[in-house]
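Reading the structure
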Amino acid sequence: MENFWGLLGPEFLQNTRRTRTLGLGASVRRFNDLAVPGLGGVWYGKQLLLATLGVAVAEAARSQGVKVQNIEVANAIEALACWLAFKSNDWSADSRLRGNTKLRGKDDFSFRRVRQQNFYVTQPMRMATVQALPTLGFVESDSARFNTFCCAEGGSNFIEQATRNYSPYKRSVIGHLTKWVLGESDKLENSLPLIQALSPLDSLSEDAIRLLRERLIQGGSESREDKKRRGNALAWVESLRKNRPDRLTWAQRPQEISEDHWHDLQAGALFFEAREAAIATLDAAEVHIGNQGAGQFLSLKHQVPDSLAQSLEKLKSAAKQYLAFKHMDEEANKFCRECVNTDSSSVLRTLVDRDGHVLRLVGDEIKPGPAFRGSIMQVDADDEGQEMPQTGGIPLPEGISYRVRNLYFLNLDMHGELNGWLNQGAGEGKV
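Starting afresh in each chain, residues are numbered from 1 along the sequence in its written order. Totals for whole chains, interfaces and linings use every residue, but because this is a predicted model, local features are given only for residues with pLDDT of at least 70 and side-chain atom pairs only at 80 or more, for both listing and counting. Here the side-chain values reflect all heavy atoms present in the structure, with hydrogen atoms and water set aside.

Notes on the overall build of the chain
- Going along the chain from the N terminus, every DSSP run of H or I of four or more residues is numbered as a helix, and every run of E of two or more is numbered as a strand. Regarding its fold elements, the chain presents 17 helices and five strands.
- Per-residue burial over the chain gives 55% buried out of 431 residues.
- Any two residues whose heavy atoms approach within 4.5 Å are treated as being in contact. The long-range share in the chain, meaning contacts at least 24 apart out of those at least 6 apart in sequence, stands at 68%.
- For accessible areas, the Shrake-Rupley method is used with a probe of radius 1.4 Å. Any residue's cover is judged against the shown protein chains and nothing else. Accessible surface for the chain amounts to roughly 18,800 Å². Of this, 45% is attributable to carbon and sulfur atoms. Whether a residue is buried, partly exposed or exposed follows from its accessible area with a 1.4 Å probe, protein chains only, as a fraction of its type maximum: under 20%, in between, or over 50%, in that order.

The structure is reproduced here in structure tokens:
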């Protein structure tokens, strides 16, 4: 039976939007894949290593007769890695770590305990790697399900390059973690080699980085165009790292990016703006209903409340801009056509019908849905539901796909500059 711990579809809007996808998930994925094909939510190298280790160690444990699944082993290794990192940095918050609250105070790190579903966070970083691992040739699979992944030669080479300098308790990293999964060893926290090999705060080795960079450019069995786009995007963010421009606008197409690629990037930005405006409108409706006291609802038979008027105008304006750009995405076009309706009540009706989770439509009334709060809580997260560091210092055109920002971070990591970027104050050393 499939273990569903931490399973969400790619680019689900979980943390910030309570799964408010509005039926636009396919368009979101399409525009992000047009921006940087195959990257998923990866933004630093250790994410890929920990997930690949999870697959390899699960295979090794199964070969010795233990029934384990890729997901539970990968999640457990990630939990262990974050626990070791938190213990090494006195439990200081860091964007590369998860589980500060969940892991604090826990001392039983036997695999039997760590594999339990409530031990670690519900959205591990592993989720962000599901697309990237097969795309980059680290795993093989006929399915997008993590539990079906098998470690490929590229993944084995990646693990070898990343861990060969570390011998926890005179074992290989895979060997030691396999013994941990088998219940044959509980030696964990006092091993500096194990901490250095696993901790998300420690960068990959130079050899592993060299292999990762080659995989980003060469890719796997994807189209030539996808490989070219990702390689061009990598060249662009490297140019930004070197030249450090103050600001970029959509009027400035970089020489590394083709006209078609730039058109798709800009169309995606306009679509994302319209989607965000739609969510902001639903948020405004939620707050309005939440302020009504008993018998909470919003009637569509009457004039739209003034508190929603500004959000609706921003939505209509954003949708018009997207439609004027004339992109080929059919679902995005349909959505934006719905949003430019001159009748604001009809726009609200359509949005709530697309939502149905936070708000629901009952006849001509908008009422609270199962995820209704009546107030808004924002978390800085990407479309994979992964919390992100502050990104205001990155010189990218407004609204561009989060994957370009992620690639910028990943490139910093491959140059050994991510720690400095994350740990310096705003404006100090950030580009």
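What to know about the pairing of strand β4 (residues 359-362)
- As paired elements, β4 and strand β5 (residues 365-368) share four bridges and run antiparallel to each other. Following the sheet pairing, L359 is matched in β5 by P368. For two strands to be treated as a pair, DSSP must find no fewer than two bridges joining them.

Considerations on the pattern of salt bridges
- Salt bridge criterion: a side-chain nitrogen from Lys or Arg within 4 Å of a carboxyl oxygen from Asp or Glu. By the definition in use, this model includes 24 salt bridges.
- Linking E331 and R354 is a salt bridge whose minimum nitrogen-to-oxygen distance equals 2.9 Å. With E331 in helix α14 (residues 330-339) and R354 in helix α15 (residues 344-355), this pair connects stretches of sequence that are 23 residues apart.
- We classify E331 as partly exposed; its relative accessible area is 26%.
- K334 is the salt-bridge partner of E338, the closest N and O atoms lying 2.9 Å from each other. Of the two residues, E338 and K334 both sit in helix α14, four residues apart, roughly one turn of that helix.
- Of the residues examined, K334 reaches a relative accessible area of 41% and is grouped as partly exposed.
- Three or more residues joined by partner-sharing salt bridges are found here, namely R20, D283, E286 and D355.

Examining the sheet that holds β5
- Judged by pairing direction, the sheet is antiparallel, and its three strands sit side by side in the order β3-β5-β4 without closing on themselves. Each edge of the open sheet is held by one strand with a lone partner, namely β3 (298-299) and β4.
- Between the N-to-C directions of two axes lies an angle of 0 to 180 degrees, each axis being a line fitted to C-alpha atoms and, for a helix, fitted only over the stretch in contact. In this fold helix α12 (residues 259-290) packs onto β3, β4 and β5, with an angle of close to 75° to the strand it touches most, β4.
- This element, α15, spans β4 and β5 of the sheet and lies at about 115° to β4.

Here's the deal with helix α1 (residues 25-35)
- Looking at α1, one finds that the buried residues are G25, S27, V28, F31, N32, L34 and A35.
- For α1, the secondary structure elements touched by its buried residues are α11 (224-243), α12, α13 (306-325), α14 and α16 (402-414).

Remarks on the nonpolar core
- Membership of the largest hydrophobic core comes to 94 residues, with the highest contact counts inside it found for L103, L177, W180, L198 and L212.
- Among the elements that line this core, the one with the most residues is helix α3 (residues 70-88), at 13 residues.
- Put simply, buried Ala, Val, Leu, Ile, Met, Phe, Trp, Tyr and Cys residues joined by side-chain atoms within 4.5 Å make one nonpolar core. The next biggest cluster of nonpolar side chains, apart from the first, holds 39 residues, and it includes F271, L298, V304 and Y322.

Some points on the packing of helix α7 (residues 153-163) against helix α10 (residues 206-218)
- It is the contact of α7 with α10, at a shortest axis distance of 7 Å, that shows an interaxial angle of 155°. The angle between α7 and α10 falls in the class roughly antiparallel. Classified by chirality, the crossing of α10 by α7 is left-handed. Along its contact with α7, which presents G154, N157, F158, Q161 and A162, the element α10 presents D207, A208, L211 and L212. Just so you know how the angles are binned, under 35 degrees is roughly parallel, over 145 roughly antiparallel, 65 to 115 roughly perpendicular, and the rest oblique. With the far helix as reference, a near helix turned anticlockwise by less than a right angle produces a left-handed crossing, and one turned clockwise produces a right-handed crossing.

Some remarks on α16
- Its 13 residues give α16 an end-to-end C-alpha distance of 18 Å, which sits within 8% of 18 Å, the value for a rise of 1.5 Å per residue.
- Counting buried positions along α16 yields 13 of 13 residues, so the element is predominantly enclosed. Expected helix span is given by 1.5 Å per residue-to-residue step, counting one fewer step than there are residues.

Remember, this is a structural readout, not a statement about activity or role.
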